[in-house]
Amino acid sequence: MKYYSYYPGCSAEGTGLGLGLSARAIAGPLGMELIELEGWNCCGSTPYGSLDAAESIVVAARNLALGEARGFDLVTPCSACCVTLNKTAERLKSDSALGRRVNEALSVAGLTYKGGLRVRHLVDVLANDITPPAIAGLVKRKLDGLKVAAYYGCQLVRPYAGDAESPRSLDDLVRATGAGPVDFPLKSRCCGGSLIISEEALALGLIRKLYENAASRGAEGIVTACPLCQTNLDAYQGKVNKKYNTGYNLPVLYITQLIGLALGLPEKELGLDTNVVSPGRLLSKVKQEV
Amino acid sequence: MTSFVEEVADTPGGEHVFSCIQCGTCTGSCPAASRMTYPPRKLIAMIRAGMREEVLSGSSSWFCLSCYACTVRCPRGVKPTELAHALESLSVRHGFTVAGTRTPAMYRSFVGSVRANGRVHELGMMFRYYMTSPLAALGALPVGLKLLRRRRLTLKPHKSGAADLSRILLTFRESGGGR
């Protein structure tokens, strides 16, 4: 059994409910114990840092302190949370004066951060701790014949993960389920992120390019790791079709949902009823006796 | 009297502004550059030319998507993404009004939700944000309803760590807050 502290991130109970549910669902079968960090707060993500850079460090640092006290690696399924927490740890390491002031502030809540926590993305854990061969070995329902585009989004890959220009982890995990990841050149091009709200036209244009690229490569669906990417590509597919007069019908699944399907877990447990673009077509392709 | 470029270099995220060689790789990699009045390369040139007013009142940096494409490709380690956020933070701290984008208002509603609940309550945040532009709310309604129907927008906030966070932030602000 591999133990991890778990930082779901704010969207895991909300717009990213499918991710929150499926991540928990696959943990046990894959030999992971995800122990939720008690009393965690929002990491601050991009918005907090843009409004008040220094205060955003404190907001994120409270979680680092909580995580360090537990002793396990801190794992999050949210790309933005992963980058924000890592960025904060890095800054605290390089700026000791800031570190002192942050710890001074944290101490009123009985917390302190000494700099020894590893914050990792769930995909990193699946790819490197659990590993695709082990996952393949646990597959009860091979997703043969399913052609999907493995979409990394930005922050899963940049700035901290190794191979920025040509990442492989998500493709390998997709392959482990039996599904076939299509060649997808725009695999880590931005979906527009939170600017879908304030600059919708810009984001819809970026999302459209992703559908075009994936569909032209034969993808029947998209598999992603980030809750913001999933929401953008899933919930706004109708809007993209309307704006550009296209007819994309690409279900967008979380990698954890895909793995869960391959492990034979029930659809409800994987939050597949929360997907806006119905995954029905994909599911009927792989429905077999488990 | 500190120059603008020194002010930026002293801000967390702006440290490497002097390293830029104006190669334009950042602008070439930026998915939002077409919407920026001053894309990254130009913005850095303006910082170094001391154009404080134009840079901090401008909307350009607010179009940064935090995709980090510029950051991983910059041959000089400038980290334009962090620089963009440093500029946003300076703009807010010095009370500049930014026209031409509603992203500052969106970020404000996000932060407001975090300060109130310890976590982002997505529906609450949307409410705060759309109060500032009711017309846009109409456009967002279809998607909102889709998410609501699929249990993806919780009605009540899930408060966590809010009290602790308030105390911690108060202490931090009293000790001088940001630089």
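Reading the values: the criteria
Within each chain, residues carry numbers counting from 1 in the order of the written sequence. Both sets of labels track the order of writing: A upward for chains, 1 upward for ligands. Whole-chain, interface and lining totals are the exception, using all residues; otherwise, since this is a predicted model, local features are given only for residues with pLDDT of at least 70 and side-chain atom pairs are given and counted only at 80 or more. As a convention, hydrogens and water are excluded, and side-chain values are obtained from all of the structure's heavy atoms. When DSSP finds at least two bridges between two strands, those strands are taken to pair. Note on conventions: DSSP H or I runs of at least 4 residues are helices, E runs of at least 2 residues are strands, and numbering of each starts at the N terminus. Angles here are taken between N-to-C directions and fall from 0 to 180 degrees, while the axes themselves are lines fitted to C-alpha atoms, restricted in helices to the stretch in contact. Any two residues whose heavy atoms approach within 4.5 Å are treated as being in contact. Residues are said to line a cavity or pocket when one of their atoms sits within 4 Å of a point; the points come from a 1 Å grid over protein atoms alone, cavities being sets where a 1.4 Å probe fits but cannot get out and pockets being open sets with protein on both sides within 12 Å along at least five of seven lines. Grid points are joined across faces, edges and corners, and a volume is the space filled by probe spheres set on the points. Note on residue classes: Ala, Val, Leu, Ile, Met, Phe, Trp, Tyr, Cys and Pro are nonpolar, Asp, Glu, Lys and Arg are charged, and everything else, Gly too, is polar. Summed over both partners, the accessible area lost on bringing two parts together, with a 1.4 Å probe, is the buried area. Each salt bridge in this description consists of a side-chain nitrogen of Lys or Arg and a carboxyl oxygen of Asp or Glu lying within 4 Å of one another. Counted as a polar contact is a pair of N or O atoms within 3.5 Å, where, for protein atoms, one must be capable of donating a hydrogen and the other of accepting one, and residues adjacent in sequence contribute only when both atoms are in side chains. Per the annotation, domain bounds derive from an automatic or database assignment of domains.

Participant: I keep staring at the sheet that holds strand S2 (residues 32–36) of chain A and nothing clicks. Help me out?
Facilitator: Picture the strands of a sheet paired through backbone hydrogen bonds; they go either parallel or antiparallel. All names here are of chain A. Pairing in this open sheet of 4 strands is parallel, and the strands run S2-S1-S3-S4 from one edge to the other. Edge positions in the sheet fall to S2 and strand S4 (119–121), since each has one partner strand and no second. When the angles between neighbouring strand axes are averaged without regard to direction, this sheet yields 40°. Here strand S1 (residues 2–6) pairs with strand S3 (residues 74–76) via 2 bridges, running parallel. Looking at S3, one finds that Tyr-6 is bridged to Val-75. Of the strands in this sheet, S1 and S2 are in contact with helix H1 (residues 17–27), which crosses S2 at around 135°. Along the sheet, helix H6 (residues 122–130) makes contact with S1, S2, S3 and S4, crossing S4 at roughly 85°.

Participant: Whenever I open this one, empty space enclosed by the protein confuses me. Can you help?
Facilitator: The gaps of empty space that remain are located by a probe, the size of a water molecule, rolled over the atoms. Residue and element names in this part refer to chain B. Throughout the structure, instances matching the rule amount to 3 cavities of 30 Å³ or more. Here the largest cavity defines a volume of roughly 210 Å³. If you go around the largest cavity, you meet 24 residues; those closest to its centre are Met-36, Pro-40, Cys-64, Pro-80 and Ala-84. Counting residues per element, the ones that place at least two in the lining of the largest cavity are helix H3 (40–48), helix H5 (69–73) and helix H6 (80–93). Considered as a void within the structure, the second largest cavity measures approximately 90 Å³ in volume. Cys-20, Cys-23, Cys-26, Cys-74 and Val-78 are the residues nearest the centre of the second largest cavity, which is lined by 13 residues in total. Taken together, the residues that form the lining of the second largest cavity break down as 9 nonpolar, 3 polar and 1 charged.

Participant: Please clarify how the interface of chain A and chain B should be interpreted in this entry.
Facilitator: How big an interface is tends to be expressed through the accessible area that disappears when the partners come together. Taken together, the 68 residues of chain A in the interface contact 68 residues of chain B. Between chain A and chain B, the buried area comes to about 5700 Å², and carbon and sulfur atoms account for 60% of it. It is Leu51(A), Arg101(A) and Ile197(A) that lose the most area in chain A upon contact with chain B, and together they represent 12% of the buried surface on that side. At the boundary of chain A with chain B, the tally comes to 9 salt bridges. With a shortest N-O distance of 2.9 Å, Asp273(A) and Arg151(B) are connected by a salt bridge. Here chain A and chain B share 28 residue pairs in polar contact (both at pLDDT 80 or more) between them. Per-element accounting of the side of chain A that touches chain B gives the leading share, 7 residues, to helix H2 (residues 45–51) of chain A. Taken together, the residues of the side of chain A that touches chain B break down into 30 nonpolar, 19 polar and 19 charged.

Participant: What is the right way to look at the domain arrangement of chain B in this model?
Facilitator: All names here are of chain B. Structurally, chain B comprises domain 1 (4–93) and domain 2 (103–174). The gap between the C-alpha centroids of domain 1 and domain 2 is 27 Å. Listed per partner, the contact involves 4 residues of domain 1 and 4 residues of domain 2. In total, domain 1 and domain 2 occlude about 310 Å² of area from one another, counting both sides; carbon and sulfur atoms represent 64% of this. One can count 0 salt bridges joining domain 1 with domain 2. Counting across the domain 1 and domain 2 interface gives 0 residue pairs in polar contact (both at pLDDT 80 or more). Residues belonging to the side of domain 1 that touches domain 2 are distributed by class as follows: 3 nonpolar, no polar and 1 charged.

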